[in-house]
Each structure stands twice: as C-alpha cells, then as structure tokens.
Amino acid sequence: MEARAECDKLLTELAIEYEKLPPIRRGICGTPAPIRVKSIGSNPKVTISPPAIINCKLAVGLNEWLKEKVQPEAMKIFGHPVVRLRNAASYACRNRNSNPNGVLSEHARANALDISEFTLETGVLVTVLDSWPRVYVAAVPPLPEPNPVRLAEATGSVSPAFAASSALPLKPRLSPVSHVRVLIGNTTEVTKIRVNPFVVATPSPPPVLATPALLAPPEPPQPLKPRPEHKSAFVRTIYAEACKNFGTTLGPSADAAHRNHFHFDMKYRRSGYCR
C-alpha cells in the first residue's frame, strides 16, 4: 500500500497514460507497484509500443527525458516531434543479457526499459541500429567557375577599363531626333524640331498579358527527408543527455548485446553509469 501511494503521488501532475497492475512477486523478481505505461506527455503524446511494464520512478525519468531532451532535439534537427517509442524490453524476470550465470537484471525489477526506435510526427523512423554507427560529413559543393574577365582583371592581364567594357555590353547611344519628314499628297515637307540632346525618348511599355481565369493551386511544400547524418546526430545527442537522467545508460558502444537499442534504468548509483 505504501509503494502504491508513493507511485500515485509521483505521477499525479504528469501527463502519463498508464494502468495500475497488481504487485509482481516471482522469486527474487518483481516490484510492489508496477504500472503499464501506454503513453507519455501531451501535445504531442508519445505512444509506447507495446506498452511498457515499469515502476513509477522510471516513468518519471522517461517523462523528464522526453520533455526536456528528446522533443527539443527532434524539433531542432527535424522540425517535428517524436510521437512513438518502440519498447524493445521492459519487465522480464531474467539476469543481465539473459546470462544464466549473471547478476539479476534491472528488468527483473521493472526498473528498466529498452528503446530501439523513434517515430517522428511525419512517420519518419529513426532506429538505433541504423543511425548510431553512421556519421557522415556533408559534401562541400564545388566552387563556381571564375569569370574570365574578372580573373584577368584581378591578375593584371587586362586593364580595368577593358574588363569593365568587356564584362557587360553597353547600351547603344540613342541619337536625338532633329527633324520629321511628312508626306502630304505628292509633296514631301520637312519640319525641323528643336530637340534637347540630353533627353532620350522613353520606350513604350510592353503589353500586359491577361492572367488566365483559372490557375492550378500551388502544391503544398513537401517535408524534407532527414539525411542519415541528421538521424545519427539525433540519437547520439539524446543518448548523451539520457546519461543525466538515468542511473544506467547503455547503448551500441557498450557491447554487442546493446547494438540495436538504448537501455535505461533507475538503479541507484553515486554517479550515473553511462557507456
């Protein structure tokens, strides 16, 4: 009863959708107040698939990590939040790495959760297995070809005046109108007009084309497909931040058993264990 009351108190003000489960007692495995977590957070809600059987302290740690670390990083890199986590393992009465001769796993106490995938709001899937080992350097685009006139001017092979005259063609100089020839019957008369030589006649504007009555609506912009290096940066960053939230944080760098998922647990330690 005391463990259940403590659990209820921890989750009172958190946006966590969960189901209370009866105490688990199986030999040395179990926990007094387990819960089955279906989702964490709101706007957006992050679904746990399948629902995870964990204890309340771990649920609090997950809530903080998602809210403070995962979602800000997802918005920064992808422009969209995470809406789903893939639960690779939660409660299981077993030893570490399922070694029959090993020590009891925190999974056996419902004190651990393994996460293997993150799904963005756009449906894009980010997996630990595919994203962790891939770190790409964005290709540098080639420089544009140099302007030969500017290059010659910079190297001194032609004079700046010649370069300027060669870079852009000058507009032809317009001669002022000095007279008008008028034909009247069979007689041609010339009327002289006094013209200001510094004034050039303004050309007539081009005709305005009628806009079609019906135009196809513009297509909505398509979301950019995340590049592999973006996914890699995301999983590495949220993993590093998880080391500050959980007692134990294990990932692909720890050993082969964790190559495809993150392991988080709330085991008490004087300082967090992060590999």
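Look up a bit, the structure's there.
Counting starts from 1 at the beginning of each chain's written sequence and moves along it residue by residue. Totals for whole chains, interfaces and linings use every residue, but because this is a predicted model, local features are given only for residues with pLDDT of at least 70 and side-chain atom pairs only at 80 or more, for both listing and counting. The side-chain numbers reported here are obtained from all heavy atoms of the structure, hydrogens and water having been left aside.

Caption draft 1: Region of interest: the pattern of salt bridges. Each reported salt bridge corresponds to a side-chain nitrogen of Lys or Arg within 4 Å of a carboxyl oxygen of Asp or Glu. For the coordinates displayed, the defined rule picks out 7 salt bridges. K244 serves as the salt-bridge partner of E241, at 3.3 Å between the closest nitrogen and oxygen. Working definition: with a 1.4 Å probe on protein chains only, accessible area under 20% of the residue-type maximum means buried, over 50% means exposed, and in between means partly exposed. Residue K244 is classed as exposed on the basis of its relative accessible area of 62%. Among the charged side chains, a salt-bridge network with shared partners connects K69, E241 and K244.

Caption draft 2: How the structure looks around unusual backbone geometry. The linkage connecting N43 with the following residue, P44, adopts the cis geometry, with an omega of 5°. Mapped onto the secondary structure, P44 falls in the loop between β4 (35-40) and β5 (46-54). In this model, S49 is joined to P50 through a cis peptide bond whose omega is -10°. Note on conventions: DSSP H or I runs of at least 4 residues are helices, E runs of at least 2 residues are strands, and numbering of each starts at the N terminus. Within the secondary structure layout, P50 lies in strand β5. Phi is positive for N43, which is not a glycine, with a value near 50°. Tracing the backbone through its elements, the reader meets N43 in the loop between β4 and β5. Positive phi, normally seen in glycine, also occurs at N97, with a value near 55°.

Caption draft 3: Summary view of the state of the cysteines. Throughout, disulfides are identified as pairs of cysteine sulfur atoms within 2.5 Å of each other. The full count for this structure, using the stated rule, is 3 disulfides. Disulfide partner of C7: C56, at an S-S distance of 1.5 Å. Where C7 bonds to C56 through sulfur, the torsion about that S-S bond is close to -45°, and the disulfide is left-handed. Here C56 lies in helix α2 (residues 56-77) and C7 lies in helix α1 (residues 2-11), a separation of 49 residues in the sequence. As far as the burial class goes, C7 and C56 line up, both buried. Disulfide partner of C29: C93, at an S-S distance of 1.9 Å. Taking the torsion about the sulfur-sulfur bond, which here is approximately 75°, the covalent link between C29 and C93 counts as right-handed.

Caption draft 4: Molecular detail of the nonpolar core. Each nonpolar core is a collection of buried residues, namely Ala, Val, Leu, Ile, Met, Phe, Trp, Tyr and Cys, held together in the definition by side-chain atoms within 4.5 Å. Counting residues in each nonpolar core, the largest one holds 38 residues, and the members touching the most others are I54, L62, W65, V82, F118, F234 and F262. Elements that contribute at least two residues to this core include exactly α1, β4, β5, α2, β6 (82-89), β7 (112-120), α6 (228-242) and β12 (262-265). With 8 residues, the top contributor of residues to this core is α2. Apart from residues lying up to four places away in sequence, V82 is in contact with P44, V46, V70, Q71, A74, F118, T119, L120 and F234. Of all hydrophobic cores here, the second largest spans 8 residues; its members include I24, C29, I53 and Y91. When checking whether two residues touch, look at their non-hydrogen atoms; a contact exists if any pair is within 4.5 Å.

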